[in-house]
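What follows is each chain in one-letter form.
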Amino acid sequence: FILFFWFINFFIISDLLFKWLLHGLPSNQTISNSWQVLNFSDTNSSYFMYNKGLTLSSGTITVPTAGRYFIACQFRTEITPFSPASQFGIYINNAASGGSYTQAIRLYIDDNTQSEYEHAPPLQGIFDLVAGARIEVRAIAGSANNWVLSSTSNTVNHCSIIKVA
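Residues numbered from 1 in each chain as written. Predicted model: local features only at pLDDT ≥ 70, side-chain atom pairs only at ≥ 80, totals over all residues. Heavy atoms only, no water.

Visitor: Go over the overall build of the protein with me, naming the residues and quoting the values.
Guide: Scanning the protein from N- to C-terminus turns up one helix and 12 strands. Going from N to C terminus, the protein has its helices and strands arranged as α-β-β-β-β-β-β-β-β-β-β-β-β. Among the 165 residues that make up the protein, the fraction classed as buried is 42%. In the protein, the proportion of contacts linking residues at least 24 apart, taken out of those at least 6 apart, comes to 75%. Surface accessibility of the protein: about 8500 Å² in total, with carbon and sulfur atoms responsible for 58%. (Helix = DSSP H or I, 4+ residues; strand = E, 2+ residues; numbered from the N terminus. Buried < 20%, exposed > 50% of the residue type's maximum accessible area, 1.4 Å probe, protein only. Contact = heavy atoms within 4.5 Å. Areas by Shrake-Rupley, 256 points an atom, 1.4 Å probe, with all protein chains shown as cover.)

What follows is the structure in structure tokens.
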């Protein structure tokens, strides 16, 4: 009986509190020297990508319920390394409608260290969001040298959004 009670409570509580959401890039994305939104919209289950409750539109991610969210993104270039002064940012519009985006957290890559297929440190943070808040993950090449982020099929570029409270 106790095991059954724990089992039921675990799944009820985990369904209410923890929303595991993992999104990849549906195709390679070229990053230039102006800020652009990354299209984390691939929910291809063949690569263990899935969505439970988020709205995805051209790289803009909308959360359905208010709460505390952990956002973590990983990046790797395809062939060409990051250019010096490349940046990633999590931008949040924490209004149910209207409002504007502000940069909540930023990752700066001072110089490239690889000749190709370079991995960036993780971009992550915990944010208190309202229902309907919108999230965009953006990137910019720091110089005239463009670089490319790999698609989901490489499983190296992804964004996890987890509702933790």
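Next comes the rest of the account.
Visitor: Lay out the packing of aromatic side chains in plain terms, naming residues and giving numbers.
Guide: For the structure on display, the rule yields six aromatic pairs. Measuring from ring centre to ring centre gives 6.3 Å for F40 and F75, while their planes differ by 50°; the resulting arrangement is tilted. Taken together, the residues F40 in the loop between β3 (36-37) and β4 (55-57) and F75 in the loop between β6 (67-74) and β7 (86-93) connect sequence positions 35 residues apart. On the basis of relative accessible area, F40 is assigned to the buried category, the value being 1%. You can call F75 buried: its relative accessible area is 0%. For the pair F88 and W147, a centre-to-centre distance of 5.6 Å together with 55° between the ring planes defines the contact as tilted. Here W147 lies in strand β11 (residues 147-149) and F88 lies in strand β7, a separation of 59 residues in the sequence. We classify W147 as buried; its relative accessible area is 0%. An aromatic cluster of three or more residues is present, and its members are F40, F75, F82, F88 and W147. A cation over a ring is seen here: R138 above Y91, with NZ or CZ 4.0 Å from the ring centre. (Phe/Tyr/Trp six-rings, centres within 6.5 Å; stacked < 30°, edge-to-face > 60°. Lys NZ or Arg CZ within 6 Å of the ring centre and 35° of its normal.)

Visitor: A description of unusual backbone geometry should follow, citing residues and the corresponding values.
Guide: Not every positive phi belongs to a glycine, and S58 is a case in point at roughly 50°. Structurally, the position occupied by S58 is in the loop between β4 and β5 (60-62). The backbone phi angle of A85 is positive, close to 70°, even though this residue is not glycine. The residue A85 is located in the loop between β6 and β7 in this model. Judged by relative accessible area, which is 21%, A85 ranks as partly exposed.

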